[in-house]
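The lines below spell out each chain.
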Amino acid sequence: QVQLVESGGGLVQAGGSLRLSCTASRSIFSIKRTGWYRQAPGKQRELVAEITVGGSTNYADSVKGRFTIGRDSAENTVYLQMNSLKPEDTAVYYCRAEWLGLPGGYWGQGTQVTVSS
């Protein structure tokens, strides 16, 4: 059973920073693709950032230059460093991973990020 656990969410003032972590129960080195998504109340879930097995990254226009996705091999996590946070970044953030050799993808349970103005 593959599990993903997000952590690092919380309440922060606008302009502040948070670092979200997605810890996997299976080696991150065999992950084909990992994405961080977010869902605000009343809105659809949207892709925020993703990283592939080769290290290529992709970001939503709304977070480019402020968020960074990366991998921490020592902790077996994929992180999302969020700087210059804005109230519109408030949402539940989820990670999703696809492993080489495994069908489909796996979701974490989500972590709440609230940015106050």
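In the block above lies the structure referred to throughout.
So, how was this worked out
- Residues numbered from 1 in each chain as written.
- Predicted model: local features only at pLDDT ≥ 70, side-chain atom pairs only at ≥ 80, totals over all residues.
- Heavy atoms only, no water.
- Salt bridge = Lys/Arg side-chain N within 4 Å of Asp/Glu carboxyl O.
- Helix = DSSP H or I, 4+ residues; strand = E, 2+ residues; numbered from the N terminus.
- Buried < 20%, exposed > 50% of the residue type's maximum accessible area, 1.4 Å probe, protein only.
- Pairing = 2+ DSSP bridges.
- Core = buried A, V, L, I, M, F, W, Y, C linked by side-chain atoms within 4.5 Å.
- Contact = heavy atoms within 4.5 Å.
- Disulfide = S-S within 2.5 Å.

1. Some thoughts on the pattern of salt bridges
- Summed over all chains, the structure comprises seven salt bridges.
- Linking Arg38 and Asp89 is a salt bridge whose minimum nitrogen-to-oxygen distance equals 2.9 Å. Here Arg38, found in strand β4 (residues 31–39), pairs with Asp89, found in the loop between β8 (77–82) and β9 (91–99); they are 51 residues apart in sequence, far enough to count as distant.
- Looking at Asp89, the relative accessible area reads 1%, which means it is buried.

2. Some details on the pairing of strand β11 (residues 111–116)
- The alternating pattern of β11 places Thr111, Val113 and Val115 on a buried face and Gln112, Thr114 and Ser116 on a face that is not buried.
- Of the pairings in the sheet, the one linking strand β2 (residues 10–13) to β11 comprises four bridges and is parallel in character. Following the sheet pairing, Gln13 is matched in β11 by Ser116.
- Bridge count for β9 against β11 is three bridges, and the pairing is antiparallel. For Val92, the partnering residue across the bridge sits in β11 and is Gln112.

3. Regarding the nonpolar core
- Core analysis: the biggest nonpolar cluster contains 30 residues, and Trp36, Phe67, Ile69, Leu80, Met82 and Tyr93 have the highest contact counts within it.
- Looking at this core, the elements that each hand over two or more residues are β3 (18–24), β4, β5 (46–52), β7 (67–72), β8, β9 and β11.
- If sequence neighbours within four positions are ignored, Ile69 has contacts with Thr34, Trp36, Ala49, Glu50, Ile51, Thr57, Tyr59, Val78, Tyr79 and Leu80.

4. Considerations on unusual backbone geometry
- Its identity as a non-glycine residue notwithstanding, Asn76 has a phi of 55°, on the positive side.
- Mapped onto the elements, Asn76 comes out in the loop between β7 and β8.
- Within the chain, Ser84 stands out as a residue other than glycine whose phi angle is a positive 50°.
- Within the secondary structure layout, Ser84 lies in the loop between β8 and β9.

5. Some words on the state of the cysteines
- This model, assessed by the stated rule, comprises one disulfide.
- One disulfide bridge connects Cys22 with Cys95, the sulfur atoms lying 2.0 Å from each other. Around the S-S axis, the bridge from Cys22 to Cys95 shows a dihedral of about 60° and counts as right-handed. Within this pair, whereas Cys22 is found in strand β3, its partner Cys95 is found in strand β9, the two being separated by 73 residues in sequence.

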